[in-house]
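Below are the chains, spelled out letter by letter.
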Amino acid sequence: MESTNKFPRKFKDVSLEELRDKVAEFAKVRNWDKFHSPRNLLLALVGEVGELSEIFQWKGEVERGLPNWSSDDKKHLEEEISDVLLYLVQLADVCGLDLGQAALSKIVKNAQKYPLRD
Ligand SMILES: Nc1ccn([C@H]2C[C@H](O)[C@@H](COP(=O)(O)OP(=O)(O)OP(=O)(O)O)O2)c(=O)n1
């Protein structure tokens, strides 16, 4: 599907399933499953959202596409936003949810709640 973002889509698709399987393997081989309860993953997720927020803190409004950001700042943003995604994917997994389908269903529900007006 075409992105509605004005920035050209140049990224390779990565499925939520692939991310889920990779992070599950990452935790399993380290014997970290015992730490990855829903509550712990939620707290880790919130912590990473805080780290993500820190990147924007005190910067004022930021232009879409981040044209004035250094490559180091963009790299940092990529890392923190990925941490958020990876904990979210793990949280959905240990809760037994199908995150992709749930998100698609929620988009449909959102569209019904907020119909287009002319
Ligand atoms: N018990 C853990 C610990 C880490 N990770 C993974 C998920 C995140 O992608 C990343 C988080 O690692 P850190 O806790 O080291 O956090 P940062 O990478 O943000 O490091 P720092 O807080 O030093 O910036 O590692 C995980 O799945 N389970």
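Details of the structure are given in the entry above.
Cut-off values and rules
Sequence order as written defines the numbering, with residues in each chain counted from 1. Totals for whole chains, interfaces and linings use all residues, but because this is a predicted model, local features are given only for residues with pLDDT of at least 70 and pairs of side-chain atoms are given and counted only at 80 or more. A molecule or strand has a residue near it when that residue's C-beta atom, placed from backbone coordinates, lies within 6 Å of it. We count a stretch as a helix when DSSP gives it H or I for four or more residues in a row; a strand needs E for two or more, and each element gets its number in order from the N terminus. Ten residues, namely Ala, Val, Leu, Ile, Met, Phe, Trp, Tyr, Cys and Pro, are considered nonpolar, four, namely Asp, Glu, Lys and Arg, are considered charged, and the remaining ones, Gly among them, are considered polar. Three exposure classes are used, all based on how many other C-beta atoms lie within 10 Å of a residue's own C-beta (placed from the backbone): buried at 20 or more, exposed at 12 or fewer, and partly exposed between those limits. How far a helix is expected to stretch is found by multiplying one less than its residue total by 1.5 Å. In this analysis an axis means a line fitted to C-alpha atoms, helices contributing only their contacting stretch, and an angle means the value between N-to-C directions, from 0 to 180 degrees. Our angle categories are set so that under 35 degrees counts as roughly parallel, over 145 as roughly antiparallel, 65 to 115 as roughly perpendicular, and the remainder as oblique. By the definition used in this description, the sense in which the near helix is turned from the far one sets the handedness, with an anticlockwise turn below a right angle giving left-handed and a clockwise turn giving right-handed. Here, residue contact means that the backbone-derived C-beta atoms of the two residues sit within 7 Å.

1. A look at the site of the ligand
Here is step 1 of the chain: In the region of the ligand, the neighbouring residues are Val 23, Ala 27, Trp 32, Phe 35, Glu 51, Asp 83, Leu 86 and Tyr 87.
Here is step 2 of the chain: Every element with two or more residues in the shell around the ligand is listed here: helix H1 (16–29) and helix H3 (71–94).
Here is step 3 of the chain: Top element by residues in the shell around the ligand is H3. It accounts for three residues.
Here is step 4 of the chain: A breakdown of the residues in the shell around the ligand according to their chemical character gives six nonpolar, no polar and two charged.

2. As for the environment of Val 46
Here is step 1 of the chain: Among the secondary structure elements, Val 46 is positioned in helix H2 (residues 38–56).
Here is step 2 of the chain: The class for Val 46 is exposed, based on 11 C-beta atoms found within 10 Å.
Here is step 3 of the chain: For Val 46 and Glu 25, which are 21 residues apart along the polypeptide, the C-alpha to C-alpha distance reads 22 Å.

3. Some thoughts on H3
Here is step 1 of the chain: In a regular helix each residue adds 1.5 Å, so 24 residues correspond to 34 Å; H3 covers 34 Å between its end C-alpha atoms and thus fits that length.
Here is step 2 of the chain: Among the residues of H3, Tyr 87, Val 89, Gln 90, Leu 91 and Asp 93 are the ones counted as buried.
Here is step 3 of the chain: Trailing H3 by a residue or two, Gly 96 shows a phi angle of about 75°, which is positive.

4. Considerations on unusual backbone geometry
Here is step 1 of the chain: At Asn 31, a residue that is not glycine, the phi angle is positive and equals roughly 60°.
Here is step 2 of the chain: Its place among the elements puts Asn 31 in the loop between H1 and H2.

5. Digging into the packing of H2 against H3
Here is step 1 of the chain: The contact between H2 and H3 brings their axes to 9 Å, and the two run at 160°. The orientation of H2 relative to H3 falls into the category roughly antiparallel. H3 is crossed by H2, and the crossing has left-handed handedness. Residue-level contacts link Pro 38, Leu 41, Leu 42, Ala 44, Leu 45, Glu 48, Val 49, Glu 51, Leu 52 and Ile 55 of H2 to His 76, Leu 77, Glu 80, Ile 81, Asp 83, Val 84, Tyr 87, Leu 88, Gln 90, Leu 91 and Val 94 of H3.
Here is step 2 of the chain: Partitioning the contact of H2 with H3 into residue classes produces 15 nonpolar, two polar and four charged.

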